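Tertiary structure, described
Listed below are the residues making up each chain.
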Amino acid sequence: MGKPAQPKKVLLFIGTLFKDKEVYYRARQILEKFFGEIILESSPKQWNYSHYYTAELGSPILRRFMFFKNLISEGDIAQIKIQTNQIEEELSKDGKRTINLDPGYIGLAKLILATTKDYSHRIYLKDGIYAEVTLIFRDNSFRPYINTYRDYAEDEYIKLFNLARAIYKDLLLK
């Protein structure tokens, strides 16, 4: 019989979607205040995988990821999702979000995303927040699942997440 263990320390990241770079930098400042130093940040890349966010955010939509130096407990991701939703509301204009903030974490074996949306492959955590395994680490690289978002499955982002995992491994040794 297995015994319950304490949650692991993992690498927090936040995926962002936005149109206005000024909004991105305001969100970045707020996120650093809450979660500490950013140790890795992706460059902006145009996001054109669907029109789901266009009415709210406008276009063209850009994607960026931020990875934070301070490791978090796996159990903290639900509260972090609630915090990022509050930040989205604070930065909203005329009742519409100006930025989408999607927190997740990287462990040695997987990349997890937090969401408010239930679906067959998502597990309820608490307070209306679900988690999904978005990528698994196998054969020395992250690999997508059937439900992985298309941009998360792209080679460019797989390389980014692999780099973030390597940084995470180094942080575990400190």
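A brief report on the enclosed structure follows. (Residues numbered from 1 in each chain as written. Predicted model: local features only at pLDDT ≥ 70, side-chain atom pairs only at ≥ 80, totals over all residues. Heavy atoms only, no water.)

1. Some points on the side chain of Arg165
With respect to the helices and strands, the residue Arg165 is situated in helix α4 (residues 155-172). Nearest to the buried, unbridged Arg165 among oppositely charged side chains is Asp170, at 9.9 Å. In contact with Arg165, other than residues within four places in its own chain, are Ile106, Gly107, Leu108, Phe137 and Phe142. (Helix = DSSP H or I, 4+ residues; strand = E, 2+ residues; numbered from the N terminus. Buried < 20%, exposed > 50% of the residue type's maximum accessible area, 1.4 Å probe, protein only. Lys, Arg positive; Asp, Glu negative; His and termini not counted. Salt bridge = Lys/Arg side-chain N within 4 Å of Asp/Glu carboxyl O. Contact = heavy atoms within 4.5 Å.)

2. Considering unusual backbone geometry
Residue Ser59 is joined to Pro60 through a cis peptide bond whose omega torsion reads 0°. Turning to its location among the elements, Pro60 is positioned in the loop between α2 (54-57) and β4 (61-68). You will see that Asp139, though not glycine, has its phi angle at about 55°, which is positive. Note that Asp139 resides in the loop between β9 (129-138) and β10 (141-144). A positive phi angle, near 65°, is found at Asn140, a position not held by glycine.

3. With respect to the nonpolar core
Core analysis: the biggest nonpolar cluster contains 45 residues, and Phe67, Ile106, Leu111 and Phe161 have the highest contact counts within it. Of all the elements, α4 adds the most residues to this core, at seven residues. When near neighbours in sequence (up to four residues on either side) are disregarded, Leu111 contacts Phe13, Tyr105, Ile106, Glu132, Val133, Thr134, Leu135, Phe142, Tyr152 and Phe161. Core analysis: the second largest hydrophobic core is formed by six residues, Trp47, Tyr49, Tyr53 and Ile61 among them. (Core = buried A, V, L, I, M, F, W, Y, C linked by side-chain atoms within 4.5 Å.)

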